[in-house]
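Architecture at a glance
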Amino acid sequence: MTSFLSCKAQILWKVSNDRGETSYLFGTFHKAPVSFCSEIRSFEKAFSECSQILGEVSYLESNANNLSGLMMMPQGSSLKELYNDEEYELILSYFESVSSFRPGKINFSPSGLLLYITNMLYRQAIPELSDEEMDFELQRLGQKKGKVIRGLVSYEEHMNYLAKLFAKDLSEQAEGLLNYIKLPASNPDSLRPRLQYFYQAYKSQDLSQIKEYADLFSSMDYGKELLSDRNRLWLPTIIEAINTKPTFIVIGVGHLVGNEGLIELLRNHGYTMIPMK
């Protein structure tokens, strides 16, 4: 394991190639307020040095309505049909322990419910979270400053990838949701403190603690596909971008850590990686 995990100031990285050309890699906490960036001393200078912003997707293409179709049951069917009475009551009990929302109120699919409850638990654990994506706010700021805005994949490709993960056979989704609820780690009373721990680790820029959370996430349904698999999918585009012009890469912080994280992948491709304070 490389030594970067032993130091702080780890969510903003200077990326240099053998020609001395410089770009930056910035790990976001998607719903953190964008004002947090001002607490990083070198952020403004790094941002200003780059003529291009590269995000997971471009906010210019994004449309939240596209995701809604992946979250709903097919017309004419209901969640209750996927479970026996005991299983369905277990699901109702779990969701009622988190919020007043009842799964049957909106005809969410099992994957849709899982996304909903994850967002709800984050909101309860960390009230200061923003309604806006930090990633998109930084892209908007870059656009105002005349920077090129790009996505690592097109929004259509992004949605197709999510569809392959979340629009699995309904029986697979149903099993995944039930298994998640039964996990001791998913208990809301123990999960909320872990989410707070993760957020504090982000604010303190401690990648060793962030890695703990990323490892846990990778072990869950869809985790590996959403983190390390996408890192390798994105890597050629990142390399092309930083070899073309100074680029500020804006990407979820979970994608930075570990042997399959972007810091190590870029280092293994010959780039010098320096953490910035």
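Before reading further, recall that the structure is shown in the block above.
Presented here is an overview of the structure given in this document. (Residues numbered from 1 in each chain as written. Predicted model: local features only at pLDDT ≥ 70, side-chain atom pairs only at ≥ 80, totals over all residues. Heavy atoms only, no water.)

On to the overall build of the protein, then. Broken down by element type, the protein carries 12 helices and six strands. Of the contacts made within the protein by residues no fewer than 6 positions apart, 80% connect residues no fewer than 24 positions apart. Working note: accessible area of the protein is about 13,300 Å², and carbon and sulfur atoms make up 50% of it. (Helix = DSSP H or I, 4+ residues; strand = E, 2+ residues; numbered from the N terminus. Contact = heavy atoms within 4.5 Å. Areas by Shrake-Rupley, 256 points an atom, 1.4 Å probe, with all protein chains shown as cover.)

To continue, consider the sheet that holds strand E5 (residues 247-252). The mixed open sheet is built from six strands, whose spatial order is E4-E3-E5-E2-E1-E6. Two strands lie at the open edges of the sheet, namely strand E4 (148-151) and strand E6 (272-275), each paired on one side alone. Here the strands of the sheet are splayed against their neighbours by 20 degrees on average, with no regard to which way each runs. As paired strands, strand E3 (residues 52-55) and E4 are joined by four bridges and run parallel to one another. Note on E4: the bridge partner recorded for Ile-53 is Ile-149. (Pairing = 2+ DSSP bridges. Axes fitted to C-alpha atoms, helices over the stretch in contact; angles between N-to-C directions.)

Let us look at the pattern of salt bridges. Taken as a whole and judged by the stated rule, the model has 11 salt bridges. Measuring nitrogen to oxygen at the nearest pair gives 3.5 Å for the salt bridge that ties Glu-128 to Lys-203. With Glu-128 in the loop between helix H4 (110-125) and helix H5 (134-144) and Lys-203 in helix H8 (residues 188-203), the pair connects residues that are 75 residues apart, well separated along the chain. According to the relative accessible area criterion, Lys-203 is partly exposed, its value standing at 28%. Across the salt bridge formed by Glu-132 and Arg-140, the nearest N and O atoms sit 3.8 Å from each other. Accessibility expressed as a relative area gives 39% for Glu-132, which makes it partly exposed. Given the relative accessible area of 29%, Arg-140 is considered partly exposed. (Salt bridge = Lys/Arg side-chain N within 4 Å of Asp/Glu carboxyl O. Buried < 20%, exposed > 50% of the residue type's maximum accessible area, 1.4 Å probe, protein only.)

When two helices pack together, you describe them by how their axes are tilted relative to each other and by the distance separating the axes. It is the contact of H4 with helix H7 (residues 170-182), at a shortest axis distance of 8 Å, that shows an interaxial angle of 35 degrees. Residues Pro-110, Ser-111, Leu-113 and Leu-114 of H4 form the contact with H7, whose participating residues are Leu-170, Gln-173, Ala-174, Leu-177 and Tyr-180. Classifying every residue of the contact of H4 with H7 gives seven nonpolar, two polar and no charged. (Nonpolar A, V, L, I, M, F, W, Y, C, P; charged D, E, K, R; others polar.)

In this model, Gln-205 sits at a positive phi of 60 degrees, which is unusual for a non-glycine residue. Here Gln-205 shows up in the loop between H8 and helix H9 (207-218).

Estimates place the volume of the second largest pocket at around 250 Å³. Around the second largest pocket sit 13 residues that line it, and Phe-43, Glu-44, Phe-47, Leu-141 and Lys-145 are the ones nearest its centre. Of all elements in the fold, only helix H1 (43-49) and H5 reach the threshold of two or more residues within the lining of the second largest pocket. The element that contributes the greatest number of residues to the lining of the second largest pocket is H1, accounting for four residues. Here the lining of the second largest pocket is built from residues that sort into seven nonpolar, three polar and three charged. (1 Å grid on protein atoms, 1.4 Å probe; cavity = no way out; pocket = protein on both sides within 12 Å on 5 of 7 lines; lining within 4 Å. Points joined across faces, edges and corners; volume = space filled by probe spheres on them.)

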